[in-house]
Amino acid sequence: QYSTDGAYGAFQLMKGVAKDMGLTINDTIDERENLEASAKGAARLIHRVCLPKTRDILNRYGLEYEESDTWFKLMVLHVYHAGARNVERVIRKINPKEGGAELITELWQTKGRRFGNASQNYSQIILAAFMEIDELLERKGILCPPKVISHSALRGVSPEVLEKSMWAEYGEYE
C-alpha cells in the first residue's frame, strides 16, 4: 500500500530511496513488494544513511550519545521515517542541551513543517512493538538476546507523556 507521500511496501520505501538502496523498480518489477528484498533495502538505508545522519545531527548540537542507548535507536528510526532534514528542523526548534529520553519526549510533542503526527508517533509505535515482542517471548519461555527495550529506558519520560502514549497500558515504569 502506498503512503500519501508515495512510499510503498512493508518498509514504506520511497521509489528513489529504494533504487538507491539496490532495489529494482521498473514497469514490471517493484522489489518494494518483496519482503526479503525490501527488508535488505531498509537495512542498507539505516546503515548507510540513517545512522550517519543521526550521528551528524547529534554531533552538530554537541549532544552526547551511546549508539546502544534506546533513545539513540529511536532517533535513528525517526530519521528513517521522516528524513534527516525534517528531524533536524525539529531538533533546531527544540534546541536541546542534552540527548536522552527527554529529547525523544520533545520529539513526540514538537511538530515541524514535514514532521507531523505520524512522525511524532513513529518511535512510540516501535517502542510498543519492542515491548510487546519482549513480553510475548518471555511468556512463551523463549530464550532470546537481552531485551531491545527495558522499562528503565523510559526513565525520564514524563508521566503525562506516558499517560497519553499508545503504550501506557504497560503499567508503572521504574
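Overview of the structure. (Residues numbered from 1 in each chain as written. Predicted model: local features only at pLDDT ≥ 70, side-chain atom pairs only at ≥ 80, totals over all residues. Heavy atoms only, no water.)

**Description of the nonpolar core**
At step 1: Ranked by internal contacts, the top residues of the largest apolar core, which has 35 residues, are Met75, Val87, Leu103 and Leu107.
At step 2: Mapped onto this core, the elements with two or more residues apiece are helix H2 (35-60), helix H3 (70-82), helix H4 (84-94), helix H5 (101-109) and helix H6 (117-140).
At step 3: No other element matches the nine residues that H3 contributes to this core.
At step 4: Setting aside residues no more than four positions away along its own chain, Val87 makes contact with Ile57, Met75, His78, Val79, Ala82 and Phe115. (Core = buried A, V, L, I, M, F, W, Y, C linked by side-chain atoms within 4.5 Å. Buried < 20%, exposed > 50% of the residue type's maximum accessible area, 1.4 Å probe, protein only. Helix = DSSP H or I, 4+ residues; strand = E, 2+ residues; numbered from the N terminus. Contact = heavy atoms within 4.5 Å.)

**Digging into the packing of aromatic side chains**
At step 1: Enumeration according to the criterion identifies two aromatic pairs in this entry.
At step 2: When the centroid spacing of 4.3 Å and the interplanar angle of 25° are considered together, the rings of Tyr2 and Tyr8 count as stacked. (Phe/Tyr/Trp six-rings, centres within 6.5 Å; stacked < 30°, edge-to-face > 60°.)

**Overview of unusual backbone geometry**
At step 1: The backbone of Gln12 shows a phi angle near 45°, a positive value even though the residue is not glycine.
At step 2: Structurally, Gln12 can be placed in the segment before helix H1 (15-20).
At step 3: Its identity as a non-glycine residue notwithstanding, Asn95 has a phi of 50°, on the positive side.
At step 4: Residue position: Asn95 is located in the loop between H4 and H5.
At step 5: The class for Asn95 is partly exposed, based on a relative accessible area of 41%.

**Here's the deal with the environment of Arg32**
At step 1: Its location among the elements puts Arg32 in the loop between H1 and H2.
At step 2: For the pair formed by Arg32 and Gln12, sequence separation is 20 residues and the distance between their alpha carbons is 7.9 Å.
At step 3: Looking at Arg32, its side chain comes within polar contact range of the main-chain oxygen of Leu13, at 2.9 Å.
At step 4: At 2.8 Å, the side chain of Arg32 forms a polar contact with the side chain of Asp30. (Polar contact = N/O pair within 3.5 Å; in protein donor to acceptor, adjacent residues only side chain to side chain.)

**A look at the side chain of Ser38**
At step 1: Residue position: Ser38 is located in helix H2.
At step 2: A relative accessible area of 1% places Ser38 in the buried class.
At step 3: From its side chain, Ser38 meets the backbone oxygen of Leu35 in a polar contact 3.2 Å long.
At step 4: Not counting the four nearest positions on each side in its chain, Ser38 is found in contact with Phe11, Leu13, Leu23, Glu31 and Arg32.

**Quick look at the layout of surface pockets**
At step 1: Within this model, the largest pocket holds a volume of roughly 1000 Å³.
At step 2: Where the lining of the largest pocket is concerned, the elements lending two or more residues are H1, H2, H3, H4 and H6.
At step 3: Looking at side-chain class alone, the lining of the largest pocket contains 16 nonpolar, eight polar and six charged residues. (1 Å grid on protein atoms, 1.4 Å probe; cavity = no way out; pocket = protein on both sides within 12 Å on 5 of 7 lines; lining within 4 Å. Points joined across faces, edges and corners; volume = space filled by probe spheres on them. Nonpolar A, V, L, I, M, F, W, Y, C, P; charged D, E, K, R; others polar.)

**Focus: the packing of H2 against H3**
At step 1: As a packed pair, H2 and H3 sit with axes 9 Å apart at the nearest point and diverge in direction by 110°. The pairing of H2 with H3 is recorded here as roughly perpendicular in orientation. Judged by the sense of rotation from one axis to the other, the crossing of H2 with H3 is right-handed. Contacts between H2 and H3 pair Ala42, Leu45, Ile46, Cys50, Leu51, Lys53, Thr54, Arg55, Ile57 and Leu58 from the former with Trp71, Phe72, Met75, Val76, Val79 and Tyr80 from the latter. (Axes fitted to C-alpha atoms, helices over the stretch in contact; angles between N-to-C directions. Parallel < 35°, antiparallel > 145°, perpendicular 65-115°, else oblique. Left-handed = near helix turned anticlockwise from the far one by under 90°.)

**Brief notes about a positive patch on the surface**
At step 1: Together, Lys53, Arg85, Arg89, Arg92 and Arg113 make up a region of like positive charge exposed at the surface.
At step 2: Among the elements that take part in the positive patch, H4 stands out by supplying three residues, more than any other.
At step 3: A relative accessible area of 40% means that Lys53 is categorised as partly exposed. (Patch = residues over 30% accessible without salt bridge, like charges linked within 9 Å, V, L, I, M, F, W, Y side chains within 5 Å. Areas by Shrake-Rupley, 256 points an atom, 1.4 Å probe, with all protein chains shown as cover. Salt bridge = Lys/Arg side-chain N within 4 Å of Asp/Glu carboxyl O. Lys, Arg positive; Asp, Glu negative; His and termini not counted. Charge placed at Lys NZ, Arg CZ, Asp CG, Glu CD.)

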